[in-house]
Amino acid sequence: MNIKGRLALMNFLEFAVWGAYLTCMGNYLGTAGLGAQISWFYAIQGIVSIFMPAIIGVIADKYIQPQRLLGICHLVAGLAMAGCFYIGMSAGFGNEIPNKSLFISLYTLSVAFYMPTIALSNTVAFTLLKNNGMDTVKDFPPIRVLGTVGFIATMWFVNCAVWEDGAFTFTLAENSHKFQYTYMQFFVSGILSIVLFLYCMTLPQCKVEKKPAASLAETFGLDAFKLFKTRRMALFFIFSALLGMSLQVTNGYAGPFITSFKGSPEFADTFAANNATLLTSISQISEALCILLIPFFLRRFGIKGVMLMSMFAWVFRFGFFGIGNPAMPGVILFIFSCIVYGVAFDFFNVSGAMFVDQECKPSIKASAQGLFMLMTNGLGATIGTLVAGEVVNHYCTWENGFLVGNWQACWFIFAGFSFVVGITFAVVFKTKKEENTISA
């Protein structure tokens, strides 16, 4: 297999690990007695993203070759995730976990070592492509797309896979033993992480290069905070955090919401209610396709226009969930919600990264990108997930394994927040061209 093929397989496994549980974990947590803490399980990903990527990045820069460190991180993450599976299995199917503290600790350990691997896998890919005389701009995107394919593949797998009475089967029909509802999703994630650890040990070397000594602030990207002195950049990063508050809401609650319709006789046998993970995978398919649309929309509408599209796409993402249902024709609105997710997620994350690249000096570009990720996936996603958890816990409760209640109020609150953020951004954020027009 050539180097591009090997890197494509690495990316496939990298995101397959995450796809096994990210969008369906909430369903299992409800039956395990941790339903009220769903928001914290997703917030943990944001919390560790604030500091772990920087720490692991320093180690990769100075001490351990990136491909080996990538494997080591996956070994730790995989073993910890396997520990979550073991605790769930020991409690038994459909039973509450007795040792919740240990379960949460192992999950936190797994996520803490997984989240840095997203950046590490990019480092490995860029290094090996350059070492083999390839163009990263041309050759990396097709490789990265395989990561999204891997994420979708494990979503489909856990949606259909069943382990019941010692037998393994696949089904799209109603079955409470599907991996998407049980601790088996953690088994899949853990095994894939360990497989990727072994695979990383076979990758070509990415030798550690000795770099000039840097200050502590430069090492951890803290020098990028001086960008807050510029009004436009300060507003951009503040709105990045506000938009980031929406990022993990549907990852945490779309699954339990759609599955909750199984508790209603009217919708219990619908395809969507019994295959929530498969339905929400449309979001990831849309995400992969929308990346290809960004260059056209940037040329046509500019950076501010594209970011506004993202903000208002979140309004439709939540709004369609609020008025849809799993039966026809309501399920079409669920599908629309998943399709619009690609615009909501990609148009800000990708175009935002391009904006940062255009606005910052070369000496702090990498640090500025780190700050952008910290504001969106770190602070924003953490705060947003916890607030969303309070909203859902206020309007909904777990009954007979389903999170039921006034879901429409929840989705409309989330949509209203996104609408206010979008309108405010349109009014207060000015591009250089707009500032020059005002000055004139």
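Residues numbered from 1 in each chain as written. Predicted model: local features only at pLDDT ≥ 70, side-chain atom pairs only at ≥ 80, totals over all residues. Heavy atoms only, no water.

Trainee: Before we go on, may I ask you to explain the overall build of the protein in this structure?
Mentor: Each helix and strand counted, the protein has 17 helices and 4 strands in total. Since a compact globule built from 440 residues should have a radius of gyration of about 22 Å, the 22 Å found for the protein is in line with a globular shape. Taking the principal axes of the C-alpha coordinates as reference, the protein spans close to 60 × 55 × 40 Å. For the protein, buried positions account for 55% of its 440 residues. Contacts in the protein between residues at least 24 apart in sequence constitute 77% of all its contacts with a sequence separation of at least 6. Accessible surface, the protein as shown: approximately 18,800 Å² in total, 67% of it carbon and sulfur. (Helix = DSSP H or I, 4+ residues; strand = E, 2+ residues; numbered from the N terminus. Rg over C-alpha atoms; globule rule 2.2 N^0.38 Å. Buried < 20%, exposed > 50% of the residue type's maximum accessible area, 1.4 Å probe, protein only. Contact = heavy atoms within 4.5 Å. Areas by Shrake-Rupley, 256 points an atom, 1.4 Å probe, with all protein chains shown as cover.)

Trainee: Explain the environment of Ile303 to me, please; I cannot follow it from the model alone.
Mentor: Examined against the element boundaries, Ile303 turns out to sit in helix 13 (residues 294–323). Taking the C-alpha atoms as reference points, Ile303 and Phe347, 44 residues apart in sequence, are found 9.4 Å from one another. Sequence-distant contacts of Ile303, that is, excluding residues within four places in its chain, are made with Leu298, Ser351, Phe355 and Thr431.

Trainee: Where do I start with the environment of Gly57 in this structure?
Mentor: Counting through the fold element by element, Gly57 comes out in helix 3 (residues 38–62). The spacing of Gly57 and Thr123 is 66 residues in sequence and 9.5 Å in space, taken between C-alpha atoms.

Trainee: Just to check I follow, could you spell out the environment of Val58 for this structure?
Mentor: Mapping Val58 onto the fold places it in helix 3. Val58 gets classed as buried once you look at its relative accessible area, which sits at 15%. In sequence terms Val58 and Leu34 are 24 residues apart; their C-alpha atoms lie 35 Å from each other.

Trainee: Can you help me understand the packing of aromatic side chains in this one?
Mentor: Summed over all chains, the structure comprises 50 aromatic pairs. Consider the rings of Trp407 and Trp411, whose centres lie 5.8 Å apart with planes at 20°: the pair is stacked. Here Trp407 and its partner Trp411 are both found in helix 16 (residues 407–428), 4 residues apart, which amounts to about one turn of the helix. The two residues Trp407 and Trp411 agree in class, both being buried. Taking the ring centre of Phe15 as reference, the NZ or CZ of Arg144 above it sits at 4.1 Å. The ring of Phe301 carries Arg300 above its face, with NZ or CZ at 5.1 Å from the centroid. (Phe/Tyr/Trp six-rings, centres within 6.5 Å; stacked < 30°, edge-to-face > 60°. Lys NZ or Arg CZ within 6 Å of the ring centre and 35° of its normal.)

Trainee: What exactly am I supposed to notice about the state of the cysteines here?
Mentor: Here is the idea: a disulfide is a covalent bond, and it sits between the sulfur atoms of two cysteines. According to the stated counting rule, one finds 0 disulfides in the structure shown. Its sulfur unpaired, Cys338 is 12 Å from the next cysteine sulfur, which belongs to Cys290. Free cysteine: Cys410, not disulfide-bonded; nearest cysteine sulfur from Cys396 at 4.2 Å. (Disulfide = S-S within 2.5 Å.)

Trainee: I keep staring at the pattern of salt bridges and nothing clicks. Help me out?
Mentor: Once the charged atoms of two side chains with opposite charge are near each other, the side chains can pair. Per the stated rule, a full pass over the model turns up 3 salt bridges. One salt bridge in this structure joins Glu96 and Lys100, with 2.6 Å as the shortest N-O distance. Note on Lys100: relative accessible area 22%, which makes it partly exposed. Here Glu174 and Lys262 are joined by a salt bridge, their closest N and O atoms 3.5 Å apart. (Salt bridge = Lys/Arg side-chain N within 4 Å of Asp/Glu carboxyl O.)

Trainee: Any chance you could explain the nonpolar core here in plain terms?
Mentor: Generally speaking, a soluble globular protein has its nonpolar side chains buried in company with each other. Phe103 and Phe186 are the most contacted members of the largest nonpolar core, which has 126 residues in total. Every residue in contact with Phe186, bar those within four places of it in the chain, is listed here: Tyr21, Met25, Tyr28, Met81, Cys84, Phe85 and Phe103. (Core = buried A, V, L, I, M, F, W, Y, C linked by side-chain atoms within 4.5 Å.)

Trainee: How should helix 7 (residues 184–200) be read in this particular structure?
Mentor: Note that an α-helix has 3.6 residues per turn; residues three or four places apart therefore point the same way. For helix 7, spanning 17 residues, the distance from its first C-alpha to its last is 24 Å, which sits close to the expected 24 Å at 1.5 Å a residue. Listing the buried residues of helix 7 in full gives Met184, Gln185, Phe186, Val188, Ser189, Gly190, Leu192, Ser193, Leu196, Phe197, Tyr199 and Cys200. (Expected span 1.5 Å × (residues − 1).)

Trainee: Could you clarify how one ought to interpret the packing of helix 4 (residues 66–91) against helix 5 (residues 100–131) in this entry?
Mentor: To characterise two packed helices, one gives the angle between the axes of the helices and the distance between these axes. Across the interface, helix 4 lies against helix 5 with an axial gap of 8 Å and an inter-helix angle of 155°. With respect to each other, helix 4 and helix 5 are oriented roughly antiparallel. Judged by the twist between their axes, the crossing of helix 4 over helix 5 is left-handed. By residue class, the composition of the contact of helix 4 with helix 5 is 19 nonpolar, 7 polar and no charged. (Axes fitted to C-alpha atoms, helices over the stretch in contact; angles between N-to-C directions. Parallel < 35°, antiparallel > 145°, perpendicular 65-115°, else oblique. Left-handed = near helix turned anticlockwise from the far one by under 90°. Nonpolar A, V, L, I, M, F, W, Y, C, P; charged D, E, K, R; others polar.)

In short, the description is geometric, and any link to function would need to be established separately.
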